[in-house]
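Chain and residue survey
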Amino acid sequence: MTVQSTNRTVTANPEAALEPPPGTRSGFQGPGLLRSSLLRLAVRRLLTAIPVVWGVTFLGFTVLNLLPGDAAQALLGADATPQEVAKLSRQLHLDQPFFTRYWNWLTGALSGHLGSSLGSGQQVTTILAQRLPVTFELLLFAFVISLLIAIPVATFAARKPGGIFDSITTFIALVGLSIAPYILALLLILLFAVNLSWFPALGWTPISGGLGSNLRSLTLPALSLGFPIGCFYTRLLRADVLEQLEEDYVTTAHAKGLAGWRVLMRHATPNSMFGLITVVALNVGTLLGGTVIVEQIFGLPGIGEELFQAIQTRDFPVVEGIVVVFAVLVVVIGLLADLLYAVLDPRIRYDNPGQ
Amino acid sequence: MTGAGAAAGPGAAAASVAAVGAGTGSPTVLEVRDLSVRFRPRGRDEVRAVSGLSYSVPAGRTVAIIGESGSGKTASSRAIMGLLPRSAQVSGSVALSGTELIGLSPRSLRRYRGQDVAMIFQDPARSLNPTMKVGPQIAEAVRAHQKVSRAAARERAIELFQLVRLSAPAQRYDEYPHQLSGGMRQRVMIAMALSCSPKLLIADEATTALDVTTQARIMRLLTELQEQLGMAILMISHDLGLAACYADEVVVMYAGRTVERAPVRELFRNVRMPYTSALLGAVPRLDRAAHTPLPVVQGRPPDLSADLAGCPFAPRCPRAGEKCAERQPPFAEHKPGHWYACWYPLPDGADRPDTPGGSGSPDGPDREGQQ
Amino acid sequence: MTIPVSNEAAAAAITTAGASRVRASRARSRLQQSLALYLPAGLLVLIIAACFLYPLVGNVSPPVGGSVLNAGLPAGTPGFPLGTDASGNDIFSRLLYGGRVSLEVGAATQVIGIVLGGLIGMIAGYSRGILAAVLMRVLDVLIAFPSLVLALAIAEGLGPGELHVIWALSFYSVPAFARLARAATLRLRDQNFMLAASMSGTPRWRIAAFHLAPNLLPQQLTFALLGAGVAIIQEGALSFLSLGVPPPGASWGNMIASGMQTMSVRPSLVLLPCLALLITVAALNLMGDALRARWSAR
């Protein structure tokens, strides 16, 4: 493009190279440099995350081991003889010392084998592969719902703070975020599934059964998770937008003669997203926790439900596998949030902040 | 006022183009008459931020509004731009080239904002959207008022960067505010303000946040642009020294009211109102003996929510008499071009604490300040 | 956050008009703030009084041990103001006693959280060198660890019961408070008053105890209110999953669980405890929110 070549000419020109006043970075910030600083950021964060993930797995293993109750016992039931229990324990390597078991697990995990379920014998990785997509889809759906609620409502409410729309939505939001997902789930089932029969109360239809019914089967669960979180995000975003509206650059935007809605959407709201990104990243754990009950209530075959069963049956490998998944998810989303910051806020991108 | 305009004008450059805009027949770009701004927050007494402000700004001229914090100078400028919050009540008349701005609907007012009257603010670091490139912010201003393509707006933005003497203008387009120095950012703000060739530029403490050298450069740029474009400038500041160098006429505000108004040379030569004299006295001077304490006016500005009988400066005025606390002195044109409101004005040329000077000018306004 | 936060109050105070604008809006919102704080606080006091005091003085049927002959009575039946459940227990009294459980769990988890978590977080933020590094890593691990798993595992392992629920949920609240305290400590540690204290020769532990901790407390208390709401919801969840208070003991969670089975015919069995949870948590949230608004306006 013409502009690019002009710029290159400017920096290639030795006189122009002497020209830039102090305080500016010399040289042209092309996309290549951008990518590399983002990459460096990503690598740095990943490196610090690895010991954390390892620590998590260790802690998980420890906790599970400290739990009273024997897996073999749980599997065989109460009326199994001690010999049978001992035999199964040996079979499942449960009689080996703690560190040996952990080491075996760790080395296995690093090479991609997370072991097999004590109960069903299935590969943990297979179980995860089967169940993760369900939970992922649910979480994604819930997340989209929460944003669809938060962004328009917060932006609109911030236009006239204290006005009718603002007061009503603030109150609804405060109450809304107090509703536990499982409570909302039950209320929604009562209303929509039992009385109105718009949505199924139970069960999950995979995408192979049609996108429409797949989404319908996830609507109520996603709403139960997404609405309370959406209310929380709404309040946060509204506060941030109001804060941004007090900033000087918003006055400048008005002084330029821009329409009010444009100032909001093009200037204030985009700059308000940072708080939201932080909170979303921090909230991953909560959202994951919510899936356990929601999946139970709606009978969705996701990892939440699997986790609950696995804990009850002391199925170490499965629980540990899920723990790893959770930890990795939290870390990855945290990393994505950091990267998103860097993409959205140019000041973070450049190591030298200019002034 | 004409003579004052040419002689007290800024820079040697002014003298050579004195013909531009120096005629007596300069059309009035801004006519402010009896402007009052009151804030009525819910459940509280109303605050009279500005009362009865009147002045006019001819094309190609610079009028400085001087006052301390709380004098109402910023509120009055925001009133002109229509940038006051909803709780503000504005009365009086603000005519921009004959068009009455008070009472216009926000939508109509928006058409003038940025196009006929533009404003630059104090802190350029915070006045620019930090996550948006600098160029598009200018282009946005252009496209807000003119139906042009993105490419054309971009061209115009780069053109404006050249106008404000920003180095490497095409490169600057794609840079972010934090990559620019303070002076460059203010140039960007000026470019933004000039994007639609406004008739009036309001500079609200535009150089306060800059270091002295940059301040001089920016002021020089503004005055050069003023000559080039024949634009009127309304300069809002607390710095009388700055006004001495760059303004044609000075309006001094206190407690929301005008207390003195005169062409700049006349003001400094024959200051009348004790408040103005005190302001002059508080300007630090290089030729005073070292460690001389600055003469400071005792007391604080009055509470603007209370009813003020008499002259608002009376409690702090060294020349105050009984009449001052009882009756408000009328703001009148006691001499052609020189208005003031005082019962016991200072005599001709006497009792000035110092010859006025200020940052950037070695002497009084008698000499063209060489920057 | 990287966006410069505009201190509206300070900037507006530059002009008297702006200052009075701030004064005025503070006055108006002072009334609003008082209402926003005292209304939910009052509601909360009402709930606490109802759950803990009313059964002592009022004529309330026992929450357990009902006879099956009384099962399924409708609301308004004398002696059973809200009717009975499938086992013949009085719903009203079960609501009250269930409330006791919820409130106790909420309070206990937060107290443990503030004391333990706040302490750990404060030390993590205030110490330097190896201790700080180690604590930071430990905290990171705790925060990254899915506390849900922990809570479930512990509850599962310890068996049902209110006390076990409290332990299990404390594993959730302690890291949360620790993270909060650490972040706040990091922010406060370089402030002038801290530097002044250390320059006057005060030993570090004293600075922490008498200068740092009091400044952490307001935020922690606000967080505790919100956290209590979360804990109550979690207790409900655990009881729902049969990991909390076991039936026939009353808990809003297990009332919901048992009520779920007959939801289509008798929705009130589910709706009432749901409503109770909702109102209590909402009151806590509203109060916590009002406190935070009040304390950040200073």
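Worth saying up front: this structure is predicted, and the values here are computed from it rather than measured. Numbering of residues starts from 1 in each chain and follows the order in which that chain's sequence is written. For naming, the first written chain is A and the first written ligand is 1, with later ones following in the order written. Per-residue local features are limited, in this predicted model, to residues with pLDDT of at least 70; the limit for side-chain atom pairs, both in listing and counting, is 80 or more; totals at the level of whole chains, interfaces and linings are taken over all residues.

Helix numbers and strand numbers start at the N terminus; a helix is a DSSP run of H or I with at least 4 residues, a strand a run of E with at least 2. A tally of helices and strands in chain A yields 17 helices and zero strands. The 355 residues of chain A split such that 39% are buried. Contacts in chain A between residues far apart in sequence, at least 24 positions, make up 71% of those at least 6 positions apart. Field definition: a residue is buried when 20 or more other C-beta atoms are found within 10 Å of its C-beta, exposed when 12 or fewer are, and partly exposed for counts in between, with C-beta atoms placed from the backbone. Any two residues are considered in contact once their C-beta atoms, placed from the backbone, lie within 7 Å.

Looking only at helices and strands, one finds 13 helices and 12 strands in chain B. Within the span of chain B, comprising 371 residues, buried residues form 52% of the whole. In chain B, once contacts between residues fewer than 6 apart in sequence are set aside, the share between residues at least 24 apart is 68%.

Let us now look at the sheet that holds strand β5 (residues 99-100) of chain B. The four strands are arranged β2-β1-β4-β5 (chain B) in an open sheet whose pairing can be described as antiparallel. Unpaired on one side and paired on the other, β2 (47-58) and β5 of chain B mark the two borders of the sheet. Strands pair, by our definition, only if DSSP identifies at least two bridges between them.

This paragraph deals with the interface of chain C and chain A. If you look at the interface, chain C gives 40 residues, while chain A gives 47 residues. Of all elements in the fold, only α4 (129-144), α5 (147-158), α8 (204-240), α9 (252-260) and α10 (268-297) of chain C reach the threshold of two or more residues within the side of chain C that touches chain A. For the side of chain C that touches chain A, the class distribution of residues is 27 nonpolar, eight polar and five charged. Three categories are distinguished: nonpolar for Ala, Val, Leu, Ile, Met, Phe, Trp, Tyr, Cys and Pro, charged for Asp, Glu, Lys and Arg, and polar for the others, with Gly belonging to the last.

Before going further, it helps to examine the packing of helix α15 (residues 303-312) of chain A against α5(C). Running from N to C, α15(A) and α5(C) cross one another at 30°; their axes reach a closest spacing of 9 Å. Along this stretch, α15(A) crosses α5(C), giving a crossing that reads as right-handed. Here Leu307(A), Phe308(A), Ile311(A) and Gln312(A) of α15(A) come into contact with α5(C), specifically with Val149(C), Leu152(C), Ala153(C) and Glu156(C). Angles shown run from 0 to 180 degrees and are taken between the N-to-C directions of axes, each axis being a line fitted to C-alpha atoms and, for helices, limited to the stretch in contact. By definition, any crossing whose near helix is turned counterclockwise from its far helix by less than a right angle is left-handed, and any crossing with a clockwise turn is right-handed.

Moving on, we come to the sheet that holds strand β10 (residues 257-263) of chain B. All names here are of chain B. In spatial order, the strands read β6-β7-β8-β3-β9-β10-β12-β11; together these eight strands make up an open sheet with mixed pairing. Edge positions in the sheet fall to β6 (117-120) and β11 (332-335), since each has one partner strand and no second. The sheet shows a mean angle of 20° between the axes of neighbouring strands, direction not considered. Sheet topology note: the strand β7 (residues 200-204)/strand β8 (residues 232-237) ladder contains five bridges and is parallel. Note on β8: the bridge partner recorded for isoleucine 202 is leucine 234. Sitting on the sheet, helix α8 (residues 182-194) touches β6 and β7, and the angle it makes with β6 is about 170°.

Among the secondary structure elements, Thr213(B) is positioned in helix α9 (residues 212-229). When the C-alpha atoms of Thr213(B) and Leu304(B) are compared, they prove to be 36 Å apart, with 91 residues separating the residues in sequence.

This part takes up the nonpolar core. Residues and elements named next belong to chain B. For this analysis, nonpolar core means a set of buried Ala, Val, Leu, Ile, Met, Phe, Trp, Tyr and Cys residues linked through C-beta atoms within 7 Å. Core analysis: the biggest nonpolar cluster contains 275 residues, and Leu200, Leu234 and Ala243 have the highest contact counts within it. For this core, the two domains that each supply at least three residues are domain 1 (1-116 + 199-287 + 294-371) and domain 2 (124-197). The contacts of leucine 234, once residues within four sequence positions are left out, are Leu30, Val57, Val63, Ile65, Ser77, Leu200 and Ile202. Domain start and stop positions are those given by an automatic or database domain assignment.

What follows covers the pairing of strand β1 (residues 28-39) of chain B. Residue and element names in this part refer to chain B. Relative to β2, β1 is paired through eight bridges, and the arrangement is antiparallel. Along β2, the bridge assignment pairs phenylalanine 39 with valine 47. Bridge analysis of β1 against strand β4 (residues 88-96) gives eight bridges, and the strand direction is antiparallel. Directly across from glutamate 31, in β4, lies its bridge partner alanine 95.

The subject of this paragraph is the domain arrangement of chain B. Residues and elements named next belong to chain B. Taken domain by domain, chain B holds domain 1 (1-116 + 199-287 + 294-371) and domain 2 (124-197). The interface of domain 1 with domain 2 comprises 12 residues on the first partner and 14 residues on the second. Broken down by class, the residue content of the side of domain 1 that touches domain 2 amounts to eight nonpolar, three polar and one charged.

Bringing the pairing of strand β9 (residues 249-254) of chain B into the picture now. Residues and elements named next belong to chain B. In terms of burial, β9 is a largely internal element, six of the six residues being buried. Residues Glu249, Val251 and Met253 of β9 are buried on one face, and the alternating residues Val250, Val252 and Tyr254, pointing to the opposite face, are buried as well. Where strand β3 (residues 62-66) lies against β9, four bridges are found, and the strand directions are parallel. Paired with valine 63 across the bridge in β9 is glutamate 249. Pairing geometry for β9 and β10, over six bridges, is antiparallel. If you follow methionine 253 over to β10, its bridge partner there is threonine 258. Here β9 hands over to β10 after two residues, with alanine 255 in that stretch at a positive phi of 50°.

Residues and elements named next belong to chain B. Overall, the predicted model of chain B reaches an average pLDDT of 80, with 86% of residues at or above 70. On a range of 0 to 100, pLDDT expresses the predictor's confidence in each residue. Residue range residues 1-24 is modelled with pLDDT below 50. Its contacts to residues more than four positions away, or to other chains, number 44 contacts. This stretch, residues 354-371, has a pLDDT under 50; its non-local contacts, to residues over four places away or in other chains, come to 49 contacts.

Okay, helix α9 (residues 181-196) of chain A next. Residues and elements named next belong to chain A. A residue's bend is given by the angle between axes fitted to the 7 residues ending at it and the 7 residues starting at it. Residue isoleucine 189 marks the point of greatest curvature in α9, where the axis turns by about 35°. When we look at burial in α9, the residues that qualify are Pro181, Tyr182, Ile183, Leu184, Ala185, Leu186, Leu188 and Ile189. Positive backbone phi, at 55°, marks serine 197, one or two positions downstream of α9.

It is worth spelling out unusual backbone geometry at this point. The general pattern is negative phi for most residues beyond glycine and trans for most peptide bonds. Residue and element names in this part refer to chain B. Backbone geometry places serine 197, a non-glycine residue, at a positive phi of 50°. Following the sequence through the fold, serine 197 ends up in the loop between α8 and β7. Positive phi values are uncommon outside glycine, yet glutamate 205 reaches one of about 50°. Its location among the elements puts glutamate 205 in the loop between β7 and α9. Residue glutamate 205 is classed as buried on the basis of its C-beta count, with 20 C-beta atoms lying within 10 Å.

With that settled, consider α9(C). Counting buried positions over the nine residues of α9(C) gives seven, a clear majority of the element. Along α9(C), the positions that sit buried rather than exposed are Trp252(C), Gly253(C), Asn254(C), Met255(C), Ile256(C), Ala257(C) and Gly259(C).

Let's shift gears to the environment of Phe210(C). Looking at the element boundaries, Phe210(C) is found in helix α8. Overall, the presence of 11 C-beta atoms within 10 Å leaves Phe210(C) in the exposed class.

Residue and element names in this part refer to chain A. A residue-level look at chain A finds 84% of positions with pLDDT of 70 or above and a mean pLDDT of 77. Across chain A, helix α11 (residues 248-255) holds the top mean pLDDT of 91, while helix α1 (residues 2-12) sits lowest at 34. Here residues 1-30 scores under 50 on pLDDT; set against residues more than four positions off or in separate chains, the count is 36 contacts. Every residue in residues 351-355 scores below 50 in pLDDT, and together they form 12 contacts with partners more than four places removed in sequence or on other chains.

Residue and element names in this part refer to chain A. Their axes nearest at 8 Å, the elements helix α7 (residues 124-159) and α15 cross at an angle of 130°. If you check the angle between α7 and α15, you find them oblique. Here Ile127, Leu128, Arg131, Leu132 and Thr135 of α7 come into contact with α15, specifically with Ile303, Gly304 and Glu306. Each residue belonging to the contact of α7 with α15 can be placed in one class, and the counts come to four nonpolar, two polar and two charged. An angle counts as roughly parallel when it lies under 35 degrees, as roughly antiparallel when it exceeds 145, as roughly perpendicular when it falls between 65 and 115, and as oblique in every other case.

This brings us to the environment of Cys231(A). Residue and element names in this part refer to chain A. Considering the arrangement of structural elements, one finds cysteine 231 in helix α10 (residues 211-245). Judged by the 24 C-beta atoms lying within 10 Å of it, cysteine 231 falls in the buried class. Distance in space between the C-alpha atoms of cysteine 231 and leucine 288 is 17 Å, their sequence separation being 57 residues. Setting aside residues no more than four positions away along its own chain, cysteine 231 makes contact with Ala173, Gly176 and Leu177.

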